[in-house]
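Fold and contact review
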Amino acid sequence: MTPDFHDINPNHLAAIVYRPDDDVDALLADFATALLRDGQHIGGIVQRNLKDELGRPNGMHVIDLTTGRQISICQPLGTGATACKLDPAGLAEASIAVSRAVVEDAELIIVNKFSKQEVAGHGLRSEIAEAIMAGCPVLIAVPEKCLDAWRDFTGDHGTTLLCAINVVEEWWRDVSCQRAGARAAMKAGAPPGATFRS
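Overview of the structure. Note that the structure is a prediction, hence the values are computed from the model and not measured.

Another aspect to go through is the overall build of the protein chain. Within the protein chain, the secondary structure is distributed over six helices and nine strands. Looking at the protein chain as a whole, 41% of its 198 residues qualify as buried. Counting only contacts in the protein chain whose residues sit at least 6 apart along the sequence, the fraction spanning at least 24 positions is 63%. Here the protein chain displays about 10,700 Å² of accessible surface, and carbon together with sulfur accounts for 52% of that area.

Written out as structure tokens, the structure reads:
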């Protein structure tokens, strides 16, 4: 069943659309690190890809942005393997990290990817829907090949971003300013009948 996102602010849901040669994991990790350094209350997960001494991929971690904990989400397939099998226990921990960010009302929830697992109805699909339905800003990476499935999932709500740090930073500045303005107006005592979308 596809959730109904019609009531969300479309600017609060942003998908970074990336191609195979884009390092979207580093982009998201660097962006999250900068926000945390500035003292912003963000949550969710970003991905770190591990390599062996020859530079070959040999595992994946996600970082819980609330606790800083590294969570292994990959079970190596053995010597010489260039792929890995997703670890159900690690994925369960990652899902808790996203759900915790929703409960703690994070200013921004980052999810590393909406990819083939989520397209198939698995992975973090439910937690992504939960974060979006909560109404808080959500930033996620979507591979170009999964963009149609992402649009189906969201009912084509939200915005898409180029895989460039300046584009992501500009999106976040706009969202932050809108939310700050809405909060200030509410504190100042909005006139009856006025509505604000934060």
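Structurally, S99 can be placed in helix α2 (residues 88-103). Within the structure, the side chain of S99 is placed 3.0 Å from the side chain of E130, a separation counted as a polar contact. Beyond its immediate sequence surroundings of up to four residues, S99 is in contact with E127 and E130.

Another point: the pattern of salt bridges. Tallying each qualifying case throughout the model produces five salt bridges. The residue E144 makes a salt bridge to R19 at a minimum N-O spacing of 3.2 Å. Taken together, the residues span a long stretch of sequence, with E144 in the loop between β8 (138-143) and α5 (147-154) and R19 in the loop between β1 (13-18) and α1 (24-37) at a distance of 125 residues. Residue classification places E144 among the partly exposed residues on the basis of a relative accessible area of 41%. For R19, a relative accessible area of 48% corresponds to the partly exposed category. Of the charged contacts, one joins R69 and E93 as a salt bridge, the two residues approaching to 2.9 Å between their closest N and O atoms. Taken together, the positions of R69 in the loop between β3 (57-64) and β4 (70-72) and E93 in helix α2 put the pair 24 residues apart, joining distant regions of the chain. On the accessibility criterion, E93 (31% relative accessible area) is partly exposed.

Definitions and limits used
Residues numbered from 1 in each chain as written. Predicted model: local features only at pLDDT ≥ 70, side-chain atom pairs only at ≥ 80, totals over all residues. Heavy atoms only, no water. Helix = DSSP H or I, 4+ residues; strand = E, 2+ residues; numbered from the N terminus. Buried < 20%, exposed > 50% of the residue type's maximum accessible area, 1.4 Å probe, protein only. Contact = heavy atoms within 4.5 Å. Areas by Shrake-Rupley, 256 points an atom, 1.4 Å probe, with all protein chains shown as cover. Polar contact = N/O pair within 3.5 Å; in protein donor to acceptor, adjacent residues only side chain to side chain. Salt bridge = Lys/Arg side-chain N within 4 Å of Asp/Glu carboxyl O.

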